[in-house]
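Residue-level listing of the chains:
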Amino acid sequence: METSDALFPALLKNAWHDLPGPVRSMHGSAPRILARGKADVEGDGNAVVRALRCLLKLPSPGPEQTLEVCIERRGNHETWTRRFAHGRMQSTLRHDASATHLLEQLGPVTLRFTLCPDAHGIAWHLNGARMLGMPLPRRWLGTVLSHSGEHNGRYAFTIDTRLPWIGRLVAYRGWLEISTDD
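Since the structure is predicted, the reported quantities are computational estimates derived from the model, not experimental observations. (Residues numbered from 1 in each chain as written. Predicted model: local features only at pLDDT ≥ 70, side-chain atom pairs only at ≥ 80, totals over all residues. Heavy atoms only, no water.)

## Let's talk about the pairing of strand β6 (residues 109-118)
The side chains of a regular strand alternate between both faces of the sheet. With five bridges connecting them, strand β5 (residues 102-106) and β6 associate as antiparallel partners. Considered in β6, the bridge of Q105 is made with T110. Connecting β5 to the antiparallel partner β6 that follows it, the hairpin turn spans two residues, and G107 within it adopts a positive phi of roughly 60 degrees. Sheet topology places β6 next to strand β7 (residues 121-131); ten bridges connect them, and they run antiparallel. When the bridges of β7 are listed, C116 appears paired with A123. Hairpin connection of β6 to β7: two residues between the antiparallel strands. (Pairing = 2+ DSSP bridges. Helix = DSSP H or I, 4+ residues; strand = E, 2+ residues; numbered from the N terminus.)

Here it is as structure tokens:
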């Protein structure tokens, strides 16, 4: 049974129990998770996109990169450390004051998502962002498509971030399996 203060069960409420097993395992209440898998990472190569990827510590493009994800939980806060073959990315997840939105902090940027469960997992809908505490206009955020789910019994993910006038910041998709040898 999940504890009431675990981040994703608290945000998803009753829909939590209908999610596929691999999604519940990755987003549950275990104090620490280590998962390993593969990811294809894409992104445009222009100077602005490369600089933003560097600022936000996003992974560099490359196919079939090994990926290790460590999730450390303290109540309703989670620290996700992703080690791609071509970069390390860390973010902190928590809910907002009303416990209705997921907040993800990547360096100086905090993204606000609404989590929408579906038949295959969770769609993450971006509906706001702040940089250094200041709200950013929604039109600057472009398109962020994000989904975590299950495919062939594994935790699967797809993220695609495109900024207006700049291009594809980063896109990555792949799979993870929880490791028992950490």
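Further notes follow.
## So, the pattern of salt bridges
All chains considered together, the criterion is met by nine salt bridges. Notably, a salt bridge pairs E78 with R73, separated by 2.9 Å at the nearest N-O pair. Taken as a pair, E78 and R73 share a single burial class, namely buried. Among the ionic pairs, D160 bridges to R168, the shortest N-O distance being 2.8 Å. R168 shares its class with D160; the two are buried. What emerges from the salt-bridge pattern is a single network uniting E42, D160, R162, R168 and R173. (Salt bridge = Lys/Arg side-chain N within 4 Å of Asp/Glu carboxyl O. Buried < 20%, exposed > 50% of the residue type's maximum accessible area, 1.4 Å probe, protein only.)

## Some points on the environment of E72
Following the sequence through the fold, E72 ends up in strand β2 (residues 62-74). Taking relative accessible area as the criterion, E72 reaches 31% and is therefore assigned partly exposed. Residues E72 and R130, spaced 58 residues apart in sequence, show a C-alpha to C-alpha distance of 24 Å. Not counting residues within four places of it along the chain, the set of residues in contact with E72 comprises P31, R32, H77, E78 and T79. (Contact = heavy atoms within 4.5 Å.)

## Observations concerning the nonpolar core
One finds F8 and L102 to be the most contacted residues of the largest nonpolar core, which totals 42 residues. Apart from residues lying up to four places away in sequence, F8 is in contact with W16, H27, E78, L93, L102, L115, I122 and W124. (Core = buried A, V, L, I, M, F, W, Y, C linked by side-chain atoms within 4.5 Å.)

## Things to note about a nonpolar patch on the surface
Side chains of L55, M131 and L132 sit close together on the surface and give an oily, nonpolar patch of about 300 Å² of accessible area. Counting through the fold element by element, L132 comes out in the loop between β7 and β8 (134-135). (Patch = residues over 30% accessible without salt bridge, like charges linked within 9 Å, V, L, I, M, F, W, Y side chains within 5 Å. Areas by Shrake-Rupley, 256 points an atom, 1.4 Å probe, with all protein chains shown as cover.)

## Remarks on the side chain of Q65
With respect to the helices and strands, Q65 occurs in strand β2. There is a polar contact of 3.2 Å between the side chain of Q65 and the backbone oxygen of G62. Those residues in contact with Q65, other than ones at most four positions away along the chain, are G37, K38, A39, V41, S60, F84, A85 and H86. (Polar contact = N/O pair within 3.5 Å; in protein donor to acceptor, adjacent residues only side chain to side chain.)

## Some remarks on the packing of aromatic side chains
Across all of its chains, the model carries five aromatic pairs by this definition. Relative to Y172, the ring of F84 has its centre 5.4 Å away and its plane inclined at 75 degrees; by these criteria the two rings are edge-to-face. Here F84 is found in strand β3 (residues 77-84), whereas its partner Y172 is found in strand β11 (residues 167-178), with 88 residues between them in sequence. For the pair F84 and Y172, one class covers both residues: buried. (Phe/Tyr/Trp six-rings, centres within 6.5 Å; stacked < 30°, edge-to-face > 60°.)

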